[in-house]
Amino acid sequence: MSRRREFGLLLLVFAILGLGHWVVWQAYLPVWRAGYPGQDWLVFLGPALMALGWLVLSGILTVRRCPETLLLPLVALLCGIGILFLQRLAGGAAEAELSKAPSLLRDYHKQLVSFGVGWLALAAMLVVKWDYRALSRFKYSIAFTALGLLLITTVFGDAANGQQLTLNLRFIAFQPHDPVKLLLVVFMAAYLAEKRELLSFAAGHRGLLTGLDFRYMGPLVVLWLLVMAIIFVHKDLGTALLLFGAFLGILYLGTNRGRYVVIGLLMFLVGVGVAYTKFERVQTRVAIWQNPWEDSNGAGYQICQALMAFGNGRVIGAGLAGGYPERIPAVETDMIYAAISEDLGLVGAALLLGVILTLVGRLFHIGLRSPDPFGKLLAGGLGVTLAVQAWVILAGVTKLIPLTGVTLPFISYGGTSLVVNLALIGIALNVAYTTPAVDTPAS
Amino acid sequence: MTPLALTLLVVSLVVGAALCAAGIYLRVPRMAMLRGALLLIFIIFLLRLAYWQLLQGDYWQQMSVYNHLRWVRSPAPRGLIVDRQGYPLATNKPALSVWLVSGEVPRDDWDTLLERLVAIGLFPDLKAARAQLEYCHRFPGYQPVRIGSRLTLEIVSRLEEELAFLPGVYLKIEPIRHYPGASTAAHIVGYLREINAEELAAHANAGYRLGDLFGKAGLEREFESELRGMEGGEQVEVDARGRVLRTLSTKPSVPGETITLTLDVAIQRAAEQGLHGHRGAAVVLDPANGDILALASAPAYDLNVLSGKVSRQMLAWLHGSQMPEINRATRGRYPPGSVFKIVTAAAALEAGEVQPNTYYYCDGVYHGIHCWKRSGHGALSLTEAIAHSCNVAFMKQAEAVGIARLSAMGRRFGFGATTGIDVLRESQGTVPDPEWAKAHGQHWRVGDTLQTGIGQSALEVTPLQSARLIAAIANGGKLVHPRLVRSVGDRQYPATEPELIGLKPETVRRITRGLRAVVGEGTARQLDPALRIAGKTGTAQNPGGEDHAWFVGYAPAHAPRVAVAVLVEHGGHGGAMAAPIVESIIRAALQPTNR
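Residues numbered from 1 in each chain as written. Chains lettered and ligands numbered in written order. Predicted model: local features only at pLDDT ≥ 70, side-chain atom pairs only at ≥ 80, totals over all residues. Heavy atoms only, no water.

Draft legend 1. Expanded view of the overall build of chain A. Each helix and strand in chain A was counted, giving 16 helices and 3 strands. The burial tally for chain A puts 58% of its 443 residues in the buried class. Of the accessible surface of chain A, which amounts to about 17700 Å², a share of 68% is contributed by carbon and sulfur atoms. (Helix = DSSP H or I, 4+ residues; strand = E, 2+ residues; numbered from the N terminus. Buried < 20%, exposed > 50% of the residue type's maximum accessible area, 1.4 Å probe, protein only. Areas by Shrake-Rupley, 256 points an atom, 1.4 Å probe, with all protein chains shown as cover.)

As C-alpha cells, this is what we get:
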C-alpha cells in the first residue's frame, strides 16, 4: 500500500520537474537548437533517464520490502532541482553570451554523468544483500581510510583557489572531503554505539567540566585536531565546520550530554580564532563577509551579485529562467541557492528548505525506528550531517556567516558530492529495511 | 547591515542556549532537542533570507535590474618630469574623452549608434567605427572603454548635444599628458602611446589594460613604472542616464613620482634655438660635477603631436632620412676633427715631447697630408698650434707620441666607451689603433697615426663624449660622469665624483692657454671676449659630404661654470658655424637670472 504512495510521490516530483524543464526549454530555445543541432529534444534525455532511474530504484525497494517511502521522492526532487537549475544556468549564460556558457553546459552534462555513477552506487547498495552493521566491524579501517584520504590530498592534491582540495587520478578527479565526511560519520556512529553501554552508568554528574569521560573527550579532541588540520593545512573552513558540527550532533545523540557540545563549540571557536590571526585568507573571507562593498568588483563581487539576486527574487521570484543569476560567479556550486531564490523567490526558496528539512527529519525518523543503537546513531548522524552542510552553505550565501565553499547537498554542481550523498541515502535505506537480529541487547 | 547580522547571531545564540538549558531541565528527549536545535538555526536562516528578499529587496532589486553598479577607474596622475628649477617638461592637463559602456547599448541599436557617432565626426567612416566596436567587445559589458580622446571643441559640443540619443556613451574629463615645452628636450622626455599587445603581454602582472598609455620613448619609457603611479577607483551607483547617484566605496589613486632632471630649461632652449634649422646636437655640462644642463638633438619634434593621432606626413618624416628620432647628442657618431687635437696635445705633453721651447714648422704639408692652410703656418708654439689648429704641428706630435700612447690618452678622456648615463641610449664611438685595424681586417700605417692625431682616420665620438673632454680640461683634469636624473620621487640620484685621469697640472695649464688663444686670436676669434670663452674648433671631414662643424668650449675661462659641445652636421667650418651657437648657449647659461 505504502509503496504505491512512493510511486505516486515520484510521479508528482517528475511532473513538477518536467514542467520546469519545459519552461527552461522554451525560454532558451535558440540556445538548445544551437547546442544540439536538429535535436533540441535531447535536453530532456538526461532528466528523463534520471526519472527512469528513480522508478527502477523504487522497484528494487518494493522487492526488498522497504518500509521507507518518503526518502526516494525527496532525494529525487532535490537531485532534479539541481539538474534543472544547471540546465537553466547553462541556457541563461549562453543567451547572455557570457564567456562561461560553454563550461556551464559541460557542467550540466558532467553532472548527469555523475548522477549516473551515483545511481549505480545506490542501486548496487540496494540490490546486493548486505547489512549496514558490517560497517560497525570495520570502523577503525574506515577511520584510517578517511585519514589516509586527507593525507594523500595534502601531499598530492591539486591547488585551486589557494586550497588543495582536489585529488587528480588522471582519469578521474574528485574532492576527498566529501567521502571523508561520510566515512567519519560512519566511524563516529559505530564508535559511540559500541561505547554506549558504558555510558549509562556514568551519568549523574552536573557542571560543565566535572566528570568528563575520556571515552568521549578522546574522540572529541582527536576530531578537533583533525578539523584543525583541515583548516590549517587545507584551509577549508567550510568542511571543517560541517564535519565538526555533524560530529557534535552525533556525540550529543550518543551521550545525551550537552556539555560536550558546548565544550566542542568553544574548542572550535578557539581554533577558528587562531586561524583568523594566522591566515590572510581567513581574514579576507571575514572582511568580505563584514563589508562586501569594500571590494565589490573584486573579492566581494560574488556575494554582492548574490544579494542582488535575492533582492530581484522577492516573494514569488522572477520566474524560472526569468532572473539572471547566471552572472554570479560560481553560481553552479556555492551560489546555486541564490539562483533558485532569484527565480523562485522567497516562497520557492523556503519550500526547497522545507524539502531539505523533511529529508533530514526523515533520516531522524529512520534512526528512531531502528531498534539497533548503531542504526539509530548512523541514521541520525547522517541527518545531522546533511542539515549542517546545508546550513553552512546557505548561511554563507545569505551573508549570515562568512562564505565557504561546501556544496548544497544533491543540488550544487559537484560530482563527488552527488555520488557520496547518494551513497549516504543508500546506507540510510539499508538501515531502514534491515531487520536487526534478535540477539541485539535490549535497550 | 553588518551590525544587524551580528545582533541577529548573538541574539540567536543566547536564545538557543536558553532553549537548550530549558530542554535539559525539562528532560526533553535528545532527538527532539536535536530537531529543535536544527529547526532553530534554519529558522534563523530563513529570517535572514526574508531580510534580503523582503526588507532589503527593493534596494537590491534596483541595484540588479539596471546593472546600476559601476566601477569607475580613476587613473593616477602620471608623475611630472621637471628641470632643475622645477619647471615642468612633462605634465598633465584635463581633457575630454568619450567612453562607451557596451552593455548599456540595446542589441538592436548598435548600427544607429555607430551611424550617429560617424555623423558627429568621432569616426571618419562606418568601417573605423565598427573596428572600434570590435575592440569594445573585448571588455565586460559594464566596463567603460575609451573610444576617443583629445577631442576638438566642435566634436565635444556636438556630442554633448546628442548625448541623450547615444545610449552607453559618456563624456569624461581625464588627465592627459601635456608637454608645455612642445619640442623642448624632446629626445630626453619621450612620449606616450596606447599600450600595444606585446607590451601588454610583457607587463601582464602590472595591471595594464588595453587603452592604457605606456611610455614609448625617452624617460617616459625608462621610468614608466615610477611615473605611472597606482590606479584607484570608485564603486558608484548610477541612474539610467549614467549620472552618479552615490559612491559606495572609494580607493584613492596614488600619483606617480616626479622626476627631477639636472637640465636647465633656459639653457636647453638656447641650445635648441642655436641648432634650429640644422641637424646636429649640443651638450652642456657642469664641469664641476657632470650635471647635464642641456642636451639637445636637432631636428626635434613636438611631443604633444606625437602623443595624439600622428598624420601620415609626420610619420613619413619621422622615419625618413633625417632620422629625427635618433638622439644625436648621445647616439650620433662623428669624426671629432680638430677637437681631438686637445687629446693629441695632452698625450704629447704627458710624454714630454713638447717642451716650453718646442716649436713646430708648418710648410703646409706633412707626409703628403695637407694642413688646412695650404701655404703653411710657419713656426708655431704649442699655444699657437692649438689657436690656429695647425694640422702639421699635431701630426708631428702624434708621430712622436705614437699611436699606442695617443689612443690610450683618448680612452682616458672617455672616448670609445659609453659615459654611463643609463637612462638614455648611447653609442660607444671608436678610438682606432693597430689592434682595432687588425680586428677589422685592415693594416695600420703611419698615415693612420697622423690622421688620428688630427681627429680623422676611423675616430668616432659622440657630442656627449666631446663635452666630457672639454669639461675635463675646464675642471683641471677630472673626467666627469654625466648625470641627467637628479631625483625620482624621494630618491636622490647623487652625482658621482669626477675622477682624476692623471694629467700633470702643467699639461692642463698649457692646453688651457691654447684654448684661450683659439678665441683670443685663433680660429674662433669672432666670439665675444666679454664672455671669456675658451674652446676648440673642429672641422671634420666625412664621407657624407660637407664637413661637420664642431666647437667645444667652456666659460668663464678663469673659473669655468659650463662646458659646451656643439656639432652641426655638414655645417662647414667649426669656427663659423658651431662657435656662434656655443657663444649663444654660454650667454644664456651665464645670465645671472638663470644660474
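Draft legend 2. Seen up close, the confidence of the model for chain B. For chain B, the average pLDDT comes to 86, and 93% of its residues sit at 70 or higher. Interface confidence for the predicted complex, given as ipTM, is 0.85, next to a pTM of 0.56. (pLDDT = per-residue confidence, 0-100.)

Draft legend 3. Structural context of the environment of A:Pro102. Residues and elements named next belong to chain A. Structurally, proline 102 can be placed in helix α5 (residues 101-127). On the basis of relative accessibility, which here comes to 53%, the residue proline 102 falls in the exposed class. Sequence separation of proline 102 and glycine 35 is 67 residues, and the distance between their C-alpha atoms is 9.5 Å.

Draft legend 4. Structural detail: helix α16 (residues 415-433) of chain A. Over its 19 residues, α16(A) extends 27 Å from the first C-alpha to the last, a length consistent with the 27 Å expected when each residue adds 1.5 Å. Of all 19 residues in α16(A), 17 are buried, a share of seventy percent or more. (Expected span 1.5 Å × (residues − 1).)

Draft legend 5. Just the packing of helix α15 (residues 341-350) of chain B against helix α17 (residues 391-401) of chain B, in detail. Residues and elements named next belong to chain B. It is the contact of α15 with α17, at a shortest axis distance of 9 Å, that shows an interaxial angle of 45 degrees. It follows that α15 is oblique to α17 by the angle criterion. Where α15 crosses over α17, the handedness of that crossing is left-handed. Between α15, through Lys341, Thr344, Ala345, Ala347 and Ala348, and α17, the contact on the second element is made entirely by Asn391, Phe394, Gln397, Ala398 and Val401. For the contact of α15 with α17, the class distribution of residues is 6 nonpolar, 3 polar and 1 charged. (Axes fitted to C-alpha atoms, helices over the stretch in contact; angles between N-to-C directions. Parallel < 35°, antiparallel > 145°, perpendicular 65-115°, else oblique. Left-handed = near helix turned anticlockwise from the far one by under 90°. Contact = heavy atoms within 4.5 Å. Nonpolar A, V, L, I, M, F, W, Y, C, P; charged D, E, K, R; others polar.)

Draft legend 6. Quick peek at a nonpolar patch on the surface. The grouping of A:Val315, A:Ile316, A:Val347, A:Leu351, B:Leu54 and B:Leu55 at the surface amounts to a nonpolar patch, some 600 Å² of accessible area in total. Elements that contribute at least two residues to the nonpolar patch include exactly α14 (336-369) of chain A together with α2 (30-55) of chain B. (Patch = residues over 30% accessible without salt bridge, like charges linked within 9 Å, V, L, I, M, F, W, Y side chains within 5 Å. Salt bridge = Lys/Arg side-chain N within 4 Å of Asp/Glu carboxyl O.)

Draft legend 7. A look at the nonpolar core. A:Trp54, A:Leu220, A:Tyr337, A:Leu378 and A:Phe410 are the most contacted members of the largest nonpolar core, which totals 166 residues. Beyond its immediate chain neighbours, meaning those up to four positions away, A:Trp54 contacts A:Leu10, A:Phe14, A:Leu72, A:Val75, A:Ala76, A:Cys79, A:Phe115, A:Trp119, A:Leu122 and A:Leu422. Ranked by size, the runner-up nonpolar core spans 128 residues in total, among them B:Leu261, B:Ile369, B:Val564 and B:Ala589. (Core = buried A, V, L, I, M, F, W, Y, C linked by side-chain atoms within 4.5 Å.)

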